[in-house]
Amino acid sequence: MKINGEIEHLRDYPSPNPHVSLKEITYWSDGLRVKGLLASPIVYAAYEGILYLRGGMQGVGMVRPARIAQLASHGFVVFAPYYRGTRGGEGRDEFGGKDRLDAINAVDVLKRFCKSERIHLFAFSRGGIMALWTGILRDDITSIVTWGGVSNVEYTYEERIDMRRMMKRVLGGSPQTNPIAYEERTPMTQLSHIHAPILIIHGIRDENVGFKHAQFLENSLKTYNKHVETWYYPDYTHFFPSDINRKVVDDACQWMKLQQS
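Quick look at the structure, then. Because the structure is a prediction, the values reported are computed rather than measured.

Thresholds applied
- Each residue is numbered by its place in its chain's sequence as written, counting from 1.
- Restriction of local features to residues with pLDDT of at least 70 applies here, the model being predicted, together with a cutoff of 80 or more for giving and counting side-chain atom pairs; totals for whole chains, interfaces and linings are based on all residues.
- Hydrogens and waters are ignored; side-chain quantities use all the structure's heavy atoms.
- For helices, the fitted axis covers only the stretch in contact; all axes are lines through C-alpha atoms, and the angles between them, taken along N-to-C directions, range from 0 to 180 degrees.
- Every helix listed is a DSSP run of H or I at least four residues long, and every strand listed is a run of E at least two residues long, numbered separately from the N terminus.
- Each angle gets one of four labels, with under 35 degrees taken as roughly parallel, over 145 as roughly antiparallel, 65 to 115 as roughly perpendicular, and the rest as oblique.
- By convention the crossing between two helices is left-handed if the near helix lies anticlockwise of the far one by an angle smaller than a right angle, and right-handed if it lies clockwise.
- The contact criterion used is simple: two residues touch if any of their non-hydrogen atoms lie within 4.5 Å.
- Just so you know the grouping, Ala, Val, Leu, Ile, Met, Phe, Trp, Tyr, Cys and Pro go in nonpolar, Asp, Glu, Lys and Arg go in charged, and all remaining residues, Gly too, go in polar.
- Here the term buried applies to any residue with accessible area under 20% of the maximum for its type, exposed to any over 50%, and partly exposed to those in between, with areas from a 1.4 Å probe on protein chains only.
- The arc under discussion is defined with respect to the helix axis, by the directions toward the C-beta atoms.
- Aromatic rings from Phe, Tyr and Trp, with only the six-membered ring used for Trp, were paired whenever their centres fell within 6.5 Å, and each pair was classed as stacked if the ring planes differed by under 30 degrees, edge-to-face if by over 60, and tilted otherwise.
- Whether a charge lies above a ring is judged from NZ of Lys or CZ of Arg, which has to be within 6 Å of the ring centre and within 35 degrees of the ring normal.
- Strands qualify as paired when DSSP identifies two bridges or more between them.

1. Some remarks on the packing of helix α1 (residues 65-72) against helix α8 (residues 242-258)
Argument step 1. Here α1 crosses α8 at 45 degrees, and the two axes come no closer than 10 Å. Comparing their axes, α8 and α1 come out oblique. For α1 against α8, the interelement crossing comes out right-handed. Residues Arg-67, Gln-70 and Leu-71 of α1 form the contact with α8, whose own contacting residues are Asn-245, Arg-246, Val-249 and Cys-253.
Argument step 2. For the contact of α1 with α8, the residue count by class is three nonpolar, two polar and two charged.

2. A closer look at helix α5 (residues 164-171)
Argument step 1. Looking only at α5, the buried set comprises Met-166, Met-167, Val-170 and Leu-171. When α5 is viewed along its axis, its buried side chains cluster within an angular range of 105 degrees and face the same direction. Facing away from the buried side of α5, by more than 90 degrees, are the exposed residues Arg-165 and Arg-169.
Argument step 2. Of the surrounding elements, those touching the buried residues of α5 are α4 (153-159) and α6 (179-185).

3. Side note on the packing of aromatic side chains
Argument step 1. In the structure shown here, the tally under the stated rule is 11 aromatic pairs.
Argument step 2. Relative to Tyr-236, the ring of Tyr-233 has its centre 6.0 Å away and its plane inclined at 35 degrees; by these criteria the two rings are tilted.
Argument step 3. On the accessibility criterion, Tyr-236 (22% relative accessible area) is partly exposed.
Argument step 4. Lying across the ring of Tyr-82, Arg-87 places its NZ or CZ 5.8 Å from the centre.
Argument step 5. Geometry around Trp-133 places Arg-100 over its ring, the cationic atom sitting 4.0 Å from the centre.

4. Brief notes about the pairing of strand β3 (residues 32-41)
On any regular strand, side chains alternate: one points to one face of the sheet, the next to the other face.
Argument step 1. By the criterion of burial, β3 is predominantly enclosed, with eight of the 10 residues buried.
Argument step 2. In this structure, strand β2 (residues 20-29) lies alongside β3, joined through 10 bridges in antiparallel fashion. Across the sheet, residue Trp-28 finds its bridge partner in β3, namely Arg-33.
Argument step 3. As consecutive antiparallel partners, β2 and β3 are separated by two residues, and within that stretch Asp-30 has a phi angle of approximately 55 degrees, a positive value.
Argument step 4. As judged from the four bridges shared by β3 and strand β5 (residues 76-81), these two strands associate in the antiparallel manner. Counterpart to Gly-36 in the pairing with β5 is Pro-81.

5. Re the pairing of β5
Argument step 1. Counted residue by residue, β5 has six buried out of six residues, so it is predominantly covered.
Argument step 2. Here β5 shows two buried faces, one formed by Phe-76, Val-78 and Ala-80 and the other by Val-77, Phe-79 and Pro-81.
Argument step 3. Pairing between strand β4 (residues 48-53) and β5: four bridges, direction parallel. Paired with Leu-51 across the strands is Phe-79, a residue of β5.

6. Quick notes on the sheet that holds β4
Argument step 1. Taken together, the nine strands give an open sheet; going across it, the order is β1-β2-β3-β5-β4-β6-β7-β8-β9, and neighbouring strands pair in mixed fashion. Every other strand in the sheet has two partners, leaving β1 (7-13) and β9 (228-233) as the edge strands with one partner each. This sheet shows a mean twist of 20 degrees between the axes of neighbouring strands, independent of strand direction.
Argument step 2. As paired strands, strand β6 (residues 119-124) and strand β7 (residues 143-147) are joined by five bridges and run parallel to one another.

7. So, the packing of helix α2 (residues 100-111) against helix α3 (residues 127-137)
For any two helices packed against each other, the geometry is given by the interaxial angle and the distance between the axes.
Argument step 1. Put simply, α2 and α3 touch, their axes get as near as 9 Å, and they point 55 degrees apart. As summarised for this structure, α2 and α3 are arranged oblique, according to the angle between their axes. α2 and α3 meet at a crossing whose hand is right-handed. Contacts from Arg-100, Ala-103, Ile-104 and Val-107 in α2 reach Met-130, Trp-133, Thr-134 and Leu-137 in α3.
Argument step 2. Partitioned by chemical class, the residues of the contact of α2 with α3 number six nonpolar, one polar and one charged.

Spatial relationships are all this shows, so hold off on functional conclusions.
Here you go:
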């Protein structure tokens, strides 16, 4: 039996940044070979780590080399799992089901390359649900950033008519016909197990992941007296203008470095 987080294969990957090295890694998760992309600054140091948890599903919302290289350029080692069933990875993406283990086990992959004990989660869109479960099921996370993040899978079904067919197929029905599948993916009753501070970033005009996801998460965390900070942007949608996006990334990286779990 292969050990979770054990590396099966590693290969160099073209980098868009001459100061950042990229490698594609195949690792073991829950008995499956899963792939992900690692970004490391060329100049060696004891950098903190970021697990970048992508949005979308399968080929939609795939990990972008430019994004994780951008994070690495701030002085982090960054690992971004693709999740199972994507780009040759084994298994099937379950939209926050057993595939959450691919994020949880990816922390151990990151630790093989990151000499610091400080590990952060940086999630976007669907990655929000993956980050919350990782923070719940691991006790070695320093901070969590969720940007335009899903916090309630039933909300996603309600909001995204274009995704309903996929969600019925993957989750075995709608929230009405198979409510347990949606409840199992929504981690609000388990938030007491999160010890890391959380930063919620959300555009109030977001129509891909509605603002109520952020409100729901914020209110739920406060119920458990968790450390939560919010950056809400009234003029922006799911995708921020490029100059604002860069500024928010810069600020979020600084925020992570200042946190104490």
